[in-house]
Amino acid sequence: MLRALSFAICTATLSAALAPPGPWDSFNYAPDSKIVKPVTVRTVSGTVQGANGLVENSEAQATFSGDGSYVVLDWGKEVGGILSLTIDSADPSSQFSLSFTESPLFISPFKSDDSVNVIYTQDADGVQTFGPSLQTGLLRQTIGQQRPGFRYSTIVSNNDAPLTISNISLEITFMPHRDNLRAYGGYFYAPDPGFHDEDFLTKLWYAGAYTVQTNTIDSQQARRNGNKGWSNDASGGPVNGPILVDGAKRDRNVWPGDCGIASHTEFVALDDLLPTKNALTVMFTTQDSNSGELGYSGPPNNARGSDTYNAWSLIGTHNYYLYTGDLDFVKFVWANYTKAVAFLESQVDSTGLANVPQGLANDWGRDGGAGHNSVFNALLYRTLVTASDLATQLGDTALASGYLTNATLLKRAYNALLWDESAGMFRDNDSPDSHHPQDGNSVAVLFNLTTSASQNEQISEGLTQYWTPIGPLSPELADTIIPFIGGFEVQAHFIAAQGERAIDLLEKEWGYMLYTNISVESTLLEGFTANGSLGYRAASGYDFDHSYTSHAHGWSTGPTPALTFHVLGIQLSTAQGATWRIAPVLSGLPSAEGGLTTGLGFFSVKWASESGTLTLTVDTPEGTKGVVRVPGHGSITVDDVVQDTQGDEVELSGGKHIITRSV
């Protein structure tokens, strides 16, 4: 078992290859510098002279000279970090406060949106107050005082004594291991002519990437739990360097389920798996050494009691290996890993399914996670399949065979006990009156619990019964639209060859998130309600504190990897893409292009469907090989040579190839 260990390997700054430049760069939300300034003055109230001097491209001063006078600054997008300003002049009694919010709904000179505790009065965080006896010169927040997720800040004078300030700026603290926030290893570019904004899909891909950047923090800048106010100088676990956490503002902890989406985004967009590696290290080093149970979350929350999040840590270990080829890390955690697998397998009963105890039923916030729960059993199946692959890579063929046998038995029981033929969907559990969950069905398709293409198509169709104009209402939790599960559903539609349906879902759910003026219009919401309010989980743990909802949550970034894996069709078959599969789903779009980077090099796809012909350009690293599935009908031409194949697939070696086919 892992004990106190040296994590020097986890702190190194990894160099990354860069995606090619192009028009897609204009949609990248990441700032050019890690020092940013407000973009505009949103509001001036009371007696403030020269407020416009506080925004970018200005060095002028602003003077406050009335009690309660304030200025609201708009930073233009989600930002986070350590704020500083210059005190140019102040009376001995001068005093001012700072407040922050992601949503404009909670702009206030008296309180910030909440990030530490939920309270229906929405005033747990309050303000940060400075003075009296202010010293002239630079005033800078401490690391603990930093506000790590906001779009709007308010500066308010607390008395009539005059105060003159200037030069307000923010030192961004997310992505601490990267100096250039715009240096992406991947890219995506595709028009969506059927939507009100033709650039929507490209903007969404980059919004997901930027969201995950804001969720990548120094391991010693986690949220400190308390009653009032906020502090972000707690330890996020026994590692040094960046960790991937759930949200910018909160919780700033490692949550493995959230990483089940965010780590894929980190890979396809940023070519940066160091934060994922460190996050996994946190989960394995905080494992219960007696039972093998992994945490529901990392420190300082240290939550326990979730079978699903245990599974996500194990699945995430395989994802990390697949994307990096880092078998040394697998060896490093292997004893802990196999003990955690055994902990989950011990819950399989005579039915062939795992029977989740109530004490291990915590999940993303849903109701009803105990018993023969469909989503956990689907995750357990994926855990066993990927554990078999890792055991094979380590040369333990007996263990690999055992894991695969158990996976096969579980899949058989899953279909026998949970499939509802009349509904064409899986039940939430084996009770005949159980509902048909969004999560269990989406993950079943994603992780191949189904046995036929027609089963996938039925599930895809069945999931649409939950759709509203702004996304699916989850049957697992009342009045909840949950982008975490929506990200899996999008992939399920693509896998079911329902690409246009997948795009429709993106336009509904993420179209609402990205354009609503009650959010930050740059990063992605944790969740929302059927009427679009920020009351996500209001009655289920968040105490009707709408200000607590996160507006930069990595688990909502599922569209970013989905667009890369399915619209571009880039999928790694073995570590780092030594073997690969390219299978674009055209989805009613006219064209798409993009790529991603692994340690073997750059993988790119560009396709266009025009005048009845698909032209597909594939460029993969030399020395690799793979299969390209070409949509359409009739013969397939590769590099001007008609292929001798009767199906939709051609085998190709690495390098650049131009493929055409009638569509």
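These numbers come from a predicted model, not from an experiment.

(A) Structural view of the overall build of the protein chain. Summing up its helical and strand segments, the protein chain has twelve helices and 25 strands in all. Relative to the 2.2 N^0.38 estimate, which gives 26 Å for 663 residues, the radius of gyration of the protein chain is 25 Å and therefore close to what a compact globule would have. Counting only C-alpha atoms, the protein chain reaches 80 × 60 × 50 Å along its principal axes. Evaluated residue by residue, the protein chain yields a buried proportion of 62% over its 663 residues. A sequence separation of at least 24 residues applies to 71% of the contacts in the protein chain between residues at least 6 apart. Summing over all exposed atoms, the protein chain offers an accessible surface of approximately 22,600 Å²; the carbon and sulfur share of this is 49%. Distance from the positive charge centre (36 side chains) to the negative charge centre (69 side chains) of the protein chain: 3 Å.

(B) Up close: the packing of aromatic side chains. Considering all chains together, one arrives at 30 aromatic pairs under this definition. Taking 6.4 Å as the distance between ring centres and 20 degrees as the angle between the ring planes, the aromatic pair formed by Phe188 and Trp205 counts as stacked. Placement of the pair is Phe188 in strand 11 (residues 187–189) and Trp205 in helix 1 (residues 200–214), with a sequence separation of 17 residues. Just as Phe188 is buried, Trp205 falls in that class too. Between Tyr536 and Tyr542, the ring centres sit 5.8 Å apart and the planes meet at 75 degrees, which makes this aromatic pair edge-to-face. In this pair, the class of Tyr536 matches that of Tyr542, namely buried.

(C) Broad picture of the nonpolar core. Core analysis: the largest hydrophobic core is formed by 175 residues, its most contacted members being Phe96, Phe484 and Val628. If you tally residues by element for this core, the top one is helix 6 (residues 374–393), at ten residues. Setting aside residues no more than four positions away along its own chain, Phe96 makes contact with Leu85, Ile87, Gln128, Thr129, Phe130, Leu134, Leu139, Ile155, Val156, Ser157, Asn158 and Leu163. One finds Val239, Ile243, Ala279 and Met283 within the second-largest nonpolar core, a separate group that totals eight residues.

(D) Structural view of the side chain of Asp258. Structurally, Asp258 can be placed in helix 2 (residues 256–270). Arg250 provides the closest opposite charge to the buried, unpaired Asp258, separated from it by 7.5 Å.

(E) Representation of the UniProt feature "domain: Alpha-L-rhamnosidase C-terminal" (unreviewed entry) in the protein chain in the model. UniProt records the feature "domain: Alpha-L-rhamnosidase C-terminal" (unreviewed entry) for residues 579–633 in the present numbering. The annotated region residues 579–633 carries 0% helix and 73% strand content, and the separation between its end C-alpha atoms amounts to 25 Å.

(F) Looking closely at the layout of surface pockets. Looking at the largest pocket, its volume works out to about 1,100 Å³. Along the walls of the largest pocket sit 39 residues, with Arg382, Leu446, Phe447, Gln571 and Leu572 positioned nearest its centre. Going through the elements one at a time, helix 2, helix 4 (307–324), helix 6, helix 8 (438–446), helix 9 (453–463), helix 10 (483–495), helix 12 (559–568) and strand 18 (570–572) are the ones with two or more residues in the lining of the largest pocket. For the lining of the largest pocket, the leading source of residues is helix 4, giving seven residues. Considering only residue class, the lining of the largest pocket consists of 22 nonpolar, 13 polar and four charged.

(G) Region of the structure containing empty space enclosed by the protein. The full count for this structure, using the stated rule, is four cavities of 30 Å³ or more. In this model, the largest cavity occupies a volume close to 110 Å³. Surrounding the largest cavity, 14 residues form its lining, Pro256, Cys259, Leu280, Trp312 and Gly316 being those nearest its centre. Among the elements of the structure, helix 2, helix 3 (274–285) and helix 4 are those that each provide at least two residues to the lining of the largest cavity. Top contributing element to the lining of the largest cavity by residue count: helix 4, with five residues.

(H) Layout of the pairing of strand 4 (residues 61–64). Across the two faces of strand 4 the burial differs, with Ala62 and Phe64 buried and Gln61 and Thr63 not buried at all. Sheet topology places strand 4 next to strand 10 (residues 163–172); four bridges connect them, and they run antiparallel. Counterpart to Gln61 in the pairing with strand 10 is Ser166.

(I) Spatial organisation of unusual backbone geometry. Backbone torsion omega between Arg250 and Asp251 reads 5 degrees, so that peptide bond is classified as cis. The residue after Pro299, namely Pro300, is reached through a cis peptide bond having omega 0 degrees. The topology assignment puts Pro300 in the loop between helix 3 and helix 4. Of note, the phi angle at Ser611 is positive, near 55 degrees, even though the residue is not glycine. Within the fold, Ser611 resides in the loop between strand 21 (601–610) and strand 22 (613–629). Taking the relative accessible area as the measure of exposure, Ser611 reaches 74% and is therefore exposed.

Reading guide: rules and limits
- Residues numbered from 1 in each chain as written.
- Predicted model: local features only at pLDDT ≥ 70, side-chain atom pairs only at ≥ 80, totals over all residues.
- Heavy atoms only, no water.
- Helix = DSSP H or I, 4+ residues; strand = E, 2+ residues; numbered from the N terminus.
- Rg over C-alpha atoms; globule rule 2.2 N^0.38 Å.
- Buried < 20%, exposed > 50% of the residue type's maximum accessible area, 1.4 Å probe, protein only.
- Contact = heavy atoms within 4.5 Å.
- Areas by Shrake-Rupley, 256 points an atom, 1.4 Å probe, with all protein chains shown as cover.
- Lys, Arg positive; Asp, Glu negative; His and termini not counted.
- Charge placed at Lys NZ, Arg CZ, Asp CG, Glu CD.
- Phe/Tyr/Trp six-rings, centres within 6.5 Å; stacked < 30°, edge-to-face > 60°.
- Core = buried A, V, L, I, M, F, W, Y, C linked by side-chain atoms within 4.5 Å.
- Salt bridge = Lys/Arg side-chain N within 4 Å of Asp/Glu carboxyl O.
- UniProt positions renumbered as here; feature names shortened; annotations may be inferred.
- 1 Å grid on protein atoms, 1.4 Å probe; cavity = no way out; pocket = protein on both sides within 12 Å on 5 of 7 lines; lining within 4 Å.
- Points joined across faces, edges and corners; volume = space filled by probe spheres on them.
- Nonpolar A, V, L, I, M, F, W, Y, C, P; charged D, E, K, R; others polar.
- Pairing = 2+ DSSP bridges.

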